[in-house]
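# Summary of structural features
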Amino acid sequence: PSSSSSSSSFSSLHPKRRDECVAEIVIASPKLWSPNSPFLYDFVVRIMHEKTSITSSSSSEQSKEKENDDGNDGNGEENTFLSLLDEVGSYGAMRTVSRRRGPDGNIRLVLNGEPLFMLGTLDQGWWPDGLLTPPSDAAQLHDIEFIKASGYNTIRKHAKVENRRYYYHCDRLGMLVWQDQVSADEDGRGATALSPKHWTRLGKDRPEEGTWTDSEHAQYMGEFEAMVDMLENHPCIIVWVPFNEAWGQHRTIEVSSWISKRDPTRLVNAASGGNFWPIGDFADNHNYPNPSFPFFIPDRPDLEQPLQDYSEFIKVVGEFGGHGLAVPGHLWSEGTSQSSFDSIGGGNAGGGSGTWGYGKLPATTAEFKERYRVSIAALRELQDEGIAAGIYTQTTDVEGEVNGLLTYDRKVAKIDPSELKEWHIALFNLEKRTKDSIKHQRKRRRRF
């Protein structure tokens, strides 16, 4: 829909590209885009050509059309009109993303001036037939609609850049997106010099980085900028994530400073779950299966503390959950052994090379659901302490990973979306959660 109160005027040419014009459009009372009201403005850009019509003075019934630069021979009346050469349609949205300290002292993400808790799924975008290529537009839309129906408002698009239709659906459905840059190292965590030797995360140890040559770094930055150039006009994207965990993490300060300047309209999660450097907008911890965060307690210096005081950052749990449930008949490899990881840093607890999830795999669907509820309850408690977002792993099974909410073939939802939505409701009553957070932090200080 167009706005009747809008007016437009052309501004100056782009200083570096003389073939571009910039049009400023002012909307007096804009309708803002949000997950609950994903209002999009449709618009059309037309290229017009000015022409003249010269009517002969001898007859009003006969006229001839001449190009504007031909001039008038003085024998007729000249009238100017516009002729359409070309047009293109598109859409846009009005929304702001920022950060603000709340009455409980914690910094929260703010959308359109209002604090918003972000609950999302880690979404790798893999498919059993096309791998990274979805079989159809309807198939990728199905995943987004499932996430939305389940009461999530965020997708963390993990180490993959999707096609533009994917982000269009997120735009129109009101799904927030954290967009990862594709990880640059095959394995990470010191497997090559591209990743730091030690994965310290938010721990007490001094952070390390990988070693990259200038040419390798230039390649990384060129690909990063190409992704931003392609996706920056999608209102759904609110966070850029340059690095995941410690995979290929390097020059963190430089990379994060660059993207903050390149796109000041969005927030930056410098290294989701990676080695923390005091840059960007987030302090992000990954923990499986249940969420946790190493909070800094300023009035208890005798306690073991993390290296940093994270009070100047939005504190989030960028990955948690990962509860596995193998659904027979819908596995990537039927009949293989089942294994597990005890925690994010744990080894293969169950042995074998088949299906796996975090923690010992549950025996029944009921046990799987209970584990999920326990994780969400833990996230609610962390919310009282200042956590502003939680990203559950993951949307779908991926080959041997059976920790999805959907099976790899998308034929089975392990938990009904209506149940998930009901369990999530309490996370979004932010006013009540803020009051609870203030009470909780007072009790925590008294307890110590």
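Residues numbered from 1 in each chain as written. Predicted model: local features only at pLDDT ≥ 70, side-chain atom pairs only at ≥ 80, totals over all residues. Heavy atoms only, no water.

So, on to helix H2 (residues 164–173). Taken together, the buried positions of H2 are occupied by Tyr166, Tyr167, His169, Cys170 and Asp171. The N-cap of H2, judged by a side-chain oxygen 3.2 Å from the amide nitrogen of Arg165 a few residues on, is Asn163. One or two steps after H2, the chain reaches Gly174, where phi turns positive at roughly 80°. (Buried < 20%, exposed > 50% of the residue type's maximum accessible area, 1.4 Å probe, protein only. Helix = DSSP H or I, 4+ residues; strand = E, 2+ residues; numbered from the N terminus. Polar contact = N/O pair within 3.5 Å; in protein donor to acceptor, adjacent residues only side chain to side chain.)

For the protein, mean pLDDT is 86; residues scoring 70 or higher make up 79% of the total. Confidence over residues 1–15 falls short of pLDDT 50; this stretch has 30 contacts with residues more than four positions distant or in other chains. Taken together, the stretch residues 345–353 has pLDDT below 50 and engages in 18 contacts with residues farther than four places along the chain or on a different chain. (pLDDT = per-residue confidence, 0-100. Contact = heavy atoms within 4.5 Å.)

One can find Ser272 in strand S15 (residues 271–272). Aside from chain neighbours lying at most four places away, what touches Ser272 is Arg156, Val241, Phe243, Asn244, Glu245, Asp284, His286 and Gly318.

The final tally for this structure, using the stated rule, is 19 aromatic pairs. Ring geometry for Phe320 versus Tyr392: centroids 5.6 Å apart, planes at 75°, classification edge-to-face. Taken together, the residues span a long stretch of sequence, with Phe320 in strand S17 (residues 314–321) and Tyr392 in strand S20 (residues 389–393) at a distance of 72 residues. Classification of Tyr392 by relative accessible area gives buried; the value is 0%. What links up through ring pairs into an aromatic cluster is the set Trp212, Tyr220, Phe224, Phe243 and Trp258. A cation sits over an aromatic face here: Arg410 above Trp127, 3.6 Å from the ring centre. Positioned above the aromatic ring of Phe368, the side-chain terminus of Lys414 is 6.0 Å from the ring centre. (Phe/Tyr/Trp six-rings, centres within 6.5 Å; stacked < 30°, edge-to-face > 60°. Lys NZ or Arg CZ within 6 Å of the ring centre and 35° of its normal.)

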